[in-house]
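A look at the structure
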Amino acid sequence: MNLFRLLGDMTHLLSIVVLLLKIRTMKSCAGISLKTQELYVIVFLTRYLDLFTKYYSVYNTAMKLVFLGTSIGIVWYMRYHKVVKQTYSKGEDTFRHYFLILLSVLLALLIHRSFDVIEVLWTFSLYLEAVAILPQLVLLQKSRNIDTLTGDYVFLLGAYRALYILNWVYRFFMENHKYRWIPWISGLVQTALYADFFYYYIKSWKNREKLKLPA
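Residues numbered from 1 in each chain as written. Predicted model: local features only at pLDDT ≥ 70, side-chain atom pairs only at ≥ 80, totals over all residues. Heavy atoms only, no water.

1. Regarding the environment of Val 154
Tracing the backbone shows Val 154 in helix α7 (residues 148–176). Judged by relative accessible area, which is 0%, Val 154 ranks as buried. When the C-alpha positions of Val 154 and Gln 136 are compared, they lie 8.4 Å apart, and in sequence the two are 18 residues distant. If we skip the residues at most four places from it in the chain, Val 154 touches Gln 136, Leu 137, Leu 140, Tyr 194 and Phe 197. (Helix = DSSP H or I, 4+ residues; strand = E, 2+ residues; numbered from the N terminus. Buried < 20%, exposed > 50% of the residue type's maximum accessible area, 1.4 Å probe, protein only. Contact = heavy atoms within 4.5 Å.)

Okay, structure coming up:
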């Protein structure tokens, strides 16, 4: 644990709090991609299988349960809540996300640290998380009206991954000098996907304008 890891975890947690705040208080999931949220459920389910095999700390276990539980809860709200599900922008959430799953499966089978079930699933979760935001970004590009909480949610989600890159840099130089190419490259790809959004988010914040992304 270091400051960058802690800030990354807290930023990730805050992004989920912001999303749940939007859903619970506004009774709306407009502008939120159900496909991205379902991909995150798959990410956490495949990554946190070690909950049943290893114990690291109370903090580690608690955070894993929180991320897993909240991701499932968000999907439930968007699919089954009688009010919230009616606000889902299904007509704009058209990204074929199953291609991302298939690509991540293929990469995990070909490029991994060791060929065992837990390791391959963990690697798969890294590859899938790197691209899980794509349906959300495509949906935002199609949206004419991006509300503040949706913009804040996506920004915080991207900031969490950027902070994790700093965490990896810190650990490399200050701890063990081990190369971790799979999480490093996956994290860089994921952060790069947010670059365009970061630019327009910061621009709109500085100019006090409504957030809009180019089509």
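2. Quick look at a nonpolar patch on the surface
Taken together, the side chains of Leu 103, Val 105, Leu 106, Leu 107, Leu 109, Leu 110, Ile 111 and Phe 115 make up a nonpolar region of the molecular surface, amounting to roughly 770 Å² of accessible area. Checked against the element boundaries, Phe 115 lands in the loop between α4 (98–110) and α5 (117–131). (Patch = residues over 30% accessible without salt bridge, like charges linked within 9 Å, V, L, I, M, F, W, Y side chains within 5 Å. Areas by Shrake-Rupley, 256 points an atom, 1.4 Å probe, with all protein chains shown as cover. Salt bridge = Lys/Arg side-chain N within 4 Å of Asp/Glu carboxyl O.)

3. Re the side chain of Glu 38
In this fold, Glu 38 is placed in helix α2 (residues 34–47). Excluding residues within four positions of it along the chain, Glu 38 makes contact with Val 75, Arg 79 and His 97.

4. Let's talk about the packing of aromatic side chains
Using the criterion set out here, one finds 19 aromatic pairs in the structure. Ring geometry for Phe 155 versus Phe 198: centroids 5.5 Å apart, planes at 75°, classification edge-to-face. Linking Phe 155 in helix α7 with Phe 198 in helix α9 (residues 195–207), this pair joins segments that are 43 residues apart in sequence. Taking the relative accessible area as the measure of exposure, Phe 198 reaches 16% and is therefore buried. Geometrically, the ring pair formed by Tyr 194 and Phe 198 is stacked, given 5.7 Å between the ring centres and 20° between the ring planes. Of the two residues examined, Tyr 194 and Phe 198, each falls in the buried class. Put simply, the rings of Phe 155, Tyr 194, Phe 197, Phe 198 and Tyr 201 touch in pairs and so form one group of aromatic residues. (Phe/Tyr/Trp six-rings, centres within 6.5 Å; stacked < 30°, edge-to-face > 60°.)

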